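# Chains, contacts and geometry: an overview
If you want the building blocks of each chain, they are given just below.
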Amino acid sequence: MKKKVLLMGKSGSGKTSMRSIIFADYLARDTTRLSPTIDVEYSSVQFLGNLHLHLWDCGGQDDFYKNYLDNMRDHIFRSVELLVYVFDIEHFEAVDLKQFEAVAEALDQHSPDALVFVLLHKMDLVAEEERSLVFRERESLINECTRNLAVRLGCRNFTSTTFNNRNR
């Protein structure tokens, strides 16, 4: 069984680091040497027996997003089973929400049955006593910007971190 998985989010949000740790056996400290993703990096991994994941790690620079949405829309967003969208909790801005909304709309158009997992990444950088509040605030903003699409896309929000309290 083959499944197309998109990894998307702003440049520096941690997409490639997570992919490298989960699927390439990197240690968290080794991810500091990774370079920014240019355009789309494709990889296939066998996961849980006969499940083959086709990972599309999409570079997060603004120019790439413009290209994904304007020129490569069908190619990028067609036949997607899962979108993992990563927000950097420290650099969470209105423009990032607009970009996510545009991605969600493209996914809704080309892969309406896809699931969407939103990761609020680098939560270890938020003081422990503030994490729950910060998560709820960001989750509310994400759900608001996709209110017309989230139910159909099966949008789910999670916190994540590559490092445990930045111990490298």
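That block above? That's the structure.
Our subject in this report is the structure included herewith. This structure is a prediction, so every number in the text was calculated from the model and none was measured.

## What to know about the overall build of the protein chain
Counting its regular elements, the protein chain contains six helices and six strands. Reading the helices (α) and strands (β) of the protein chain from amino to carboxyl end gives β-α-β-β-α-α-β-α-β-α-α-β. The long-range fraction of contacts in the protein chain, counting pairs at least 24 apart against all pairs at least 6 apart in sequence, stands at 74%. Working note: accessible area of the protein chain is about 9200 Å², and carbon and sulfur atoms make up 50% of it.

## With respect to the packing of helix H2 (residues 62-70) against helix H4 (residues 94-110)
Contact geometry of H2 with H4 gives a least axis separation of 11 Å together with a crossing angle of 25 degrees. Between H2 and H4, the angle falls in the class roughly parallel. Here H2 and H4 pass one another in a crossing that is left-handed. When H2 is examined against H4, the residues Asp62, Tyr65 and Leu69 are found in contact with a partner set consisting of Gln99, Ala102, Val103 and Ala106. In terms of residue class, the contact of H2 with H4 is built from five nonpolar, one polar and one charged.

## A few points about the nonpolar core
Of all hydrophobic cores here, the largest spans 33 residues; its most connected members are Leu6, Met8, Tyr68, Phe77 and Phe87. Elements with a contribution of two residues or more to this core: strand E1 (2-9), strand E3 (51-58), H2, helix H3 (73-77), strand E4 (80-88), H4, strand E5 (115-121) and helix H5 (131-145). By residue number, the principal contributor to this core is H4, which donates five residues. Non-local contacts of Leu6, meaning those with residues more than four positions away in its chain, are made with Trp56, Cys58, Ile76, Phe77, Val80, Leu82, Leu83 and Val84. In this structure, Val5, Met18, Leu53 and Leu55 belong to the second largest nonpolar core, which totals 11 residues.

## Things to note about the pattern of salt bridges
Counted under the stated rule, the structure contains eight salt bridges. With a shortest N-O distance of 3.0 Å, Asp74 and Arg78 are connected by a salt bridge. For Asp74, a relative accessible area of 38% puts it in the partly exposed group. Since its relative accessible area comes to 38%, Arg78 is described here as partly exposed.

## Things to note about H4
Relative to the 24 Å expected for 17 residues at 1.5 Å per residue, H4 spans 25 Å between its end C-alpha atoms, a close match to the ideal helical length. Where H4 is concerned, the buried positions are Asp96, Leu97, Gln99, Phe100, Val103, Ala104, Ala106, Leu107 and Asp108.

## Observations regarding unusual backbone geometry
Of note, the phi angle at Ser79 is positive, near 65 degrees, even though the residue is not glycine. As for its placement among the helices and strands, Ser79 is situated in the loop between H3 and E4. A positive phi is found at Lys122, a non-glycine position, where the angle reads about 75 degrees. Tracing the backbone shows Lys122 in the loop between E5 and H5.

Calculation rules
- Residues numbered from 1 in each chain as written.
- Predicted model: local features only at pLDDT ≥ 70, side-chain atom pairs only at ≥ 80, totals over all residues.
- Heavy atoms only, no water.
- Helix = DSSP H or I, 4+ residues; strand = E, 2+ residues; numbered from the N terminus.
- Contact = heavy atoms within 4.5 Å.
- Areas by Shrake-Rupley, 256 points an atom, 1.4 Å probe, with all protein chains shown as cover.
- Axes fitted to C-alpha atoms, helices over the stretch in contact; angles between N-to-C directions.
- Parallel < 35°, antiparallel > 145°, perpendicular 65-115°, else oblique.
- Left-handed = near helix turned anticlockwise from the far one by under 90°.
- Nonpolar A, V, L, I, M, F, W, Y, C, P; charged D, E, K, R; others polar.
- Core = buried A, V, L, I, M, F, W, Y, C linked by side-chain atoms within 4.5 Å.
- Buried < 20%, exposed > 50% of the residue type's maximum accessible area, 1.4 Å probe, protein only.
- Salt bridge = Lys/Arg side-chain N within 4 Å of Asp/Glu carboxyl O.
- Expected span 1.5 Å × (residues − 1).

Note that all results are geometric; they support no functional claim without further evidence.
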